[in-house]
Amino acid sequence: MIWICKKCNLTWYYPVDTCIYCRSKTETASSDSYTIRGITEVFTPSPDHSVVPYYDLLLEDEHGNFYIRKAFQSYDLGNEIREIRKEIKVKRIGVIGTGVTGCGIAQVSLQVGYETVLKSRSKEAIDRAFKKIEMNLLKAMEVEAKDKVLCNLKPTERLEDLSNVDIVIESVIEDIKIKKQLFKELDNICSKKTILATNTSSLSIDEIASVTSNPNRVIGMHFFNPVPKMHLVEIIAGEKTSQKTIELM
Amino acid sequence: MPELRIPIIGIETACASGGSALYQALMSLAKFRFIMVIGVEKMSNVDSAKATMNISAAGDRILDQNEGLTFPASYALIAQQHMLKYATTLDDLALVSLKNHENGNLNEFAHFYYKKVDMEMIRNSPIICSPLRLFDCSPISDGAAALIVSREKKTERDIKVIASALATDYISPVQRKDLTSFKATKIAANEAYTQAKIDVQEINIVEVHDCFTIAELIAMEDLGFCSPGESKNFVREGRTKLDGDIPINTDGGLKADGHPIGASGIAQVYEIVTQLRGEAGERQLKNPEVALTHNIGGIGGTAVIHIFRRS
């Protein structure tokens, strides 16, 4: 979205209600589709962007304005894409399960800057996971940066602490009964907008979603170990998974 | 230094700080007789992520950096636009790097004085931000340089500054209409040529701000040494080498001489003055008369141009 003063022929890329020169009311303009004019694959990490490689896209809207957007997938030049800025601003991620995959997901989530709630069944498992994540973060960054990142990790034994996250990624044992029970509880605890993702390679998303009141927000995510090193994630849409949920993921 | 009892001012315009300090000093000559301009930077012994963050202070946080657009990424996109528009190739960029490294081998103050570089090495170097490779990027260096400016001519070695111009542009490249040229350079260049009352053809030696190889090509076009898109031909024909008709970055440029941010702009002037005085040793050009320095900050957000003449 851009803010325009037609009188002064000026454009702003951040909210400006009245033109800073003529004080008249600005108009906003947005575009439905953007053409990819440039793309670069970035291999050098910076403090807010420690997971590399990633892509930076140079987008042009229908009015000829440029935008920069970060992406984790490659696009072809000249292709059109819809606005990739996320409608729901994701800030908090909940991870259930402290196995190898669960810890890996939590670590990556922390590294890209999300507040992360990590849930496990026992105090011991949680402590072990915290130490493991701390060790692995130290391999990727300096002590100062690690301390800062780790402030965003909230370990917990209570499922209720996941009530205010934007996305829950469940990574418990591959057992349909346990997963269904968990999703039933999550359905009650989490807000109606929260996306519920299950890390599975073989179980039916539809069956897991069937126990929830809103199956269109349930999706499958199949991570590969070690999660921090593998850039591949399989996204599995269920029969009823909404387009919005798919795009956000 | 309170015992000196003189004013001391810090100038900060990112990579253009050196050039901007000289620009300020020349304006201050209305009041002071002798002014010392010092450029200095210590950048080593910091891990590269931290250095990237500090350098990023010169960029647009909201539009660029939140989306991961670091300086190498910006120049990578600019290089790609230049390639798409003018069919500039990776080898053209490599030739710029090679030429600057060859010049750096003749400059004992250069960061890479001892490093021998060839085309294969450049072509096989790791990618930093596609299409830019390691050898397309200036290094993180330590360095310092100083100048003394005055209204009075004291010795026969003094070099005259005949133009000093500074211009600015948007910080973020996305707010501009054209990504294959820097408007600030064009504005400052026009202003400088008018002040100096010279034509671009009269310039014998140039120091341009090659923080990335693509920046040297774009500078050649923006400064008017060639028309847009023509810089690749100049490079292919070797016209910017030491023995070419318009030698560029005879000290190795930011690429091989090094890029200690605040010192780079002053180091460029040091090279020009050394050349005009005929004291450049092995890399000395034959009788240069008029010279130009081009120092930019950020992604061309600030451009400072000075023109010098042997007096």
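Keep in mind it's a predicted model, so treat the numbers as computed, not measured. (Residues numbered from 1 in each chain as written. Chains lettered and ligands numbered in written order. Predicted model: local features only at pLDDT ≥ 70, side-chain atom pairs only at ≥ 80, totals over all residues. Heavy atoms only, no water.)

A. Quick peek at helix α2 (residues 123-140) of chain A. Residues and elements named next belong to chain A. The end-to-end C-alpha separation of α2 is 26 Å, in line with the 26 Å expected for 18 residues at 1.5 Å each. Of all the residues in α2, the buried ones are Ala 125, Ile 126, Ala 129, Ile 133 and Leu 137. Projected down its long axis, α2 shows its buried positions confined to an angular sector of 100°, all on one face. Across from the buried face of α2, at angles greater than 90 degrees, the exposed residues are Glu 124, Arg 128, Lys 131, Met 135 and Lys 139. At its buried positions, α2 is contacted by α1 (100-111), β9 (115-119), α3 (143-150) and β10 (153-156). (Helix = DSSP H or I, 4+ residues; strand = E, 2+ residues; numbered from the N terminus. Expected span 1.5 Å × (residues − 1). Buried < 20%, exposed > 50% of the residue type's maximum accessible area, 1.4 Å probe, protein only. Arc of directions from axis to C-beta. Contact = heavy atoms within 4.5 Å.)

B. Region of interest: the interface of chain A and chain B. Listed by partner, the interface residues are 28 residues for chain A and 29 residues for chain B. When chain A packs against chain B, the two sides together hide about 2,400 Å² of surface, and 56% of this comes from carbon and sulfur. Three residues, Tyr 13, Phe 66 and Ile 68 of chain A, lead the burial of chain A against chain B; their summed loss comes to 22% of the area buried on that side. Taken together, chain A and chain B are joined by two salt bridges. Between Asp 48 of chain A and Arg 61 of chain B there is a salt bridge, with the nearest N and O atoms lying 2.3 Å from each other. If you look at where chain A meets chain B, you find 12 residue pairs in polar contact (both at pLDDT 80 or more). For the side of chain A that touches chain B, the elements supplying multiple residues, two or more each, are β4 (33-42), β5 (54-60) and β6 (66-71) of chain A. At six residues, the largest contribution of residues to the side of chain A that touches chain B is made by β4 of chain A. A per-class count over the side of chain A that touches chain B returns 12 nonpolar, seven polar and nine charged. (Buried area = accessible area lost by both parts, 1.4 Å probe. Salt bridge = Lys/Arg side-chain N within 4 Å of Asp/Glu carboxyl O. Polar contact = N/O pair within 3.5 Å; in protein donor to acceptor, adjacent residues only side chain to side chain. Nonpolar A, V, L, I, M, F, W, Y, C, P; charged D, E, K, R; others polar.)

C. Looking closely at the sheet that holds strand β8 (residues 302-310) of chain B. All names here are of chain B. An order of β5-β8-β7-β6 is seen for the four strands of this open sheet, with the pairing classed as mixed. Since the sheet does not close on itself, it has two edges, and those belong to β5 (159-168) and β6 (205-207), each with one partner. Averaged over all neighbouring strand pairs, the angle between strand axes comes to 15°, with direction disregarded. Relative to β8, strand β7 (residues 290-297) runs antiparallel, the two being bridged by eight bridges. Counterpart to Thr 293 in the pairing with β8 is His 306. Sheet contacts for helix α1 (residues 17-28): β5, β7 and β8; angle to β8, the most-contacted strand, approximately 60°. (Pairing = 2+ DSSP bridges. Axes fitted to C-alpha atoms, helices over the stretch in contact; angles between N-to-C directions.)

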